[in-house]
Amino acid sequence: MKEQMIVVPSTILGNIYGSFDENSYSSGDAVNSIKWSQLDDPEYKKVQEYYAGLMELRRLHPAFRLSEREQIDKYITAVDGLDVNVLAFDISGEMDGESADRIFVIFNPNEEETTVELPEGKWKVFAAGEKAQSEAIRSVSGGKVAVEPVSAMILMQGNVVAGKKSSGNKTALGLGIGGGIILIGAGVALASRIKKKQ
């Protein structure tokens, strides 16, 4: 069984002793040690809470832990007609243990806001901008939704049960969406850090 792992430099915004070291694997402890005193900084806390929210969503929803190609092909559909670089996935909630009827995930890696057409119906937003959590942040109805620059948005339909335990393998390293959500979190954190330095 594989254990879930977070790469520490990502969780502390890629801050390796005050700078970003592109080759830190060969640097010593002065560069690679964790600066525990920095973890209480509000900027780091915000990212830690964002990651915790994404991990909780992944734990609660089997749709984010699909590990077989056949499952991914069966339940996930890529959305066409989006702005350059923007990705969106329409995920069926028909798999065992999933409390959402449908999940819609949008990744916007661009420096500008993007607008994405949602399928019809009422949607609950669980991740948007710098916030991700297992309780709905807000609701939106069909039509278009604005997605902030360098961010992800996770929306769900149906009677989504927060805190519902699923029957899937909790430690499986899911392919596709689950891993993508964690990576976009790292990208958002790093991009905001780089932007502040410029």
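This text follows the structure it describes.
Residues numbered from 1 in each chain as written. Predicted model: local features only at pLDDT ≥ 70, side-chain atom pairs only at ≥ 80, totals over all residues. Heavy atoms only, no water.

*Asks:* Explanation requested: unusual backbone geometry in the structure shown.
*Replies:* Backbone phi values are negative for most residues with the exception of glycine, while trans is the configuration of most peptide bonds. A positive phi angle, near 75°, is found at Asn85, a position not held by glycine. In this fold, Asn85 is placed in the loop between strand E1 (76-78) and strand E2 (87-92). For Val150, which is not glycine, the phi dihedral falls at a positive 45°. Tracing the backbone through its elements, the reader meets Val150 in the loop between strand E6 (138-147) and strand E7 (151-157). (Helix = DSSP H or I, 4+ residues; strand = E, 2+ residues; numbered from the N terminus.)

*Asks:* Looking at this structure, how should I read the pattern of salt bridges?
*Replies:* Oppositely charged side chains may form a pair once their charged atoms are brought near each other. All chains considered together, the criterion is met by five salt bridges. Between Asp40 and Lys45 there is a salt bridge whose closest N-O contact spans 3.9 Å. A relative accessible area of 33% means that Lys45 is categorised as partly exposed. Residue Glu130 pairs with Lys46 through a salt bridge whose shortest N-O separation is 2.9 Å. Residue Glu130 is located in the loop between strand E4 (114-128) and strand E5 (131-132), and its partner Lys46 is located in helix H3 (residues 42-60); the two are separated by 84 residues in the primary sequence. (Salt bridge = Lys/Arg side-chain N within 4 Å of Asp/Glu carboxyl O. Buried < 20%, exposed > 50% of the residue type's maximum accessible area, 1.4 Å probe, protein only.)

*Asks:* Teacher, can you tell me more about H3 here?
*Replies:* An α-helical segment advances 3.6 residues per turn. Residues three or four places apart therefore align on the same side. For H3, built from 19 residues, the straight-helix expectation of 27 Å at 1.5 Å per residue is met to within 8% by its first-to-last C-alpha distance of 27 Å. Taken residue by residue, H3 has Glu43, Tyr44, Val47, Tyr50, Tyr51, Gly53, Leu54, Leu57, Arg58 and Leu60 as its buried positions. Backbone nitrogen of Glu43 and a side-chain oxygen of the N-cap are separated by 2.8 Å at the start of H3; the cap is Asp41. (Expected span 1.5 Å × (residues − 1). Polar contact = N/O pair within 3.5 Å; in protein donor to acceptor, adjacent residues only side chain to side chain.)

*Asks:* It is not clear to me how the packing of aromatic side chains should be interpreted in this structure. Could you clarify?
*Replies:* Two aromatic rings are characterised by how far apart their centres lie and by the angle between their planes. Evaluated as defined, the whole model comprises two aromatic pairs. Between Phe89 and Phe107, the aromatic rings sit 6.2 Å apart at their centres with planes inclined by 70°, giving edge-to-face as the arrangement. Of this pair, Phe89 sits in strand E2 while Phe107 is found in strand E3 (residues 102-108), placing the two residues 18 residues apart along the sequence. For the pair Phe89 and Phe107, one class covers both residues: buried. (Phe/Tyr/Trp six-rings, centres within 6.5 Å; stacked < 30°, edge-to-face > 60°.)

*Asks:* Just checking my understanding: could you explain the side chain of Asn108 for this structure?
*Replies:* Topologically, Asn108 is positioned in strand E3. Engagement of the side chain of Asn108 in a polar contact is seen with the backbone oxygen of Val147, the distance being 3.3 Å. Residues contacting Asn108, with those up to four places away along its chain left out, are Val86, Glu113, Thr114, Val147, Glu148, Pro149, Val150 and Ser151. (Contact = heavy atoms within 4.5 Å.)

*Asks:* Honestly, the side chain of Ser92 in this entry has me stumped. Any pointers?
*Replies:* For Ser92, the location among the structural elements is in strand E2. Within polar-contact distance, the side chain of Ser92 engages the backbone nitrogen of Glu94 at 3.2 Å. If near-sequence neighbours (up to four positions away) are discounted, Ser92 is found in contact with Tyr75 and Asp101.

*Asks:* Would you mind going over the pairing of E3 with me for this structure?
*Replies:* As a general feature of sheets, a regular strand has side chains that alternate between the two faces. Taking burial as the measure, the seven residues of E3 include six buried ones, the bulk of the element. Here E2 runs beside E3; their pairing, made up of six bridges, is antiparallel. Residue pairing for E3: Ala88 is matched across the bridge by Ile106. For E3 and E7, the ladder comprises seven bridges, and the chain directions are antiparallel. Bridged to Arg102 within E7 is Gln157. (Pairing = 2+ DSSP bridges.)

*Asks:* What should I look at first to understand the nonpolar core in this one?
*Replies:* Proteins that are soluble and globular tend to have nonpolar side chains buried together. Phe64, Ile91, Ile103, Val105, Ile154 and Met156 are the most contacted members of the largest nonpolar core, which has 24 residues in total. Elements supplying a minimum of two residues to this core: H3, E2, E3, E4 and E7. A per-element tally of this core places H3 first, with five residues. Listed in part, the 14 residues of the second largest apolar core include Val86, Ala128, Val147 and Met153. (Core = buried A, V, L, I, M, F, W, Y, C linked by side-chain atoms within 4.5 Å.)

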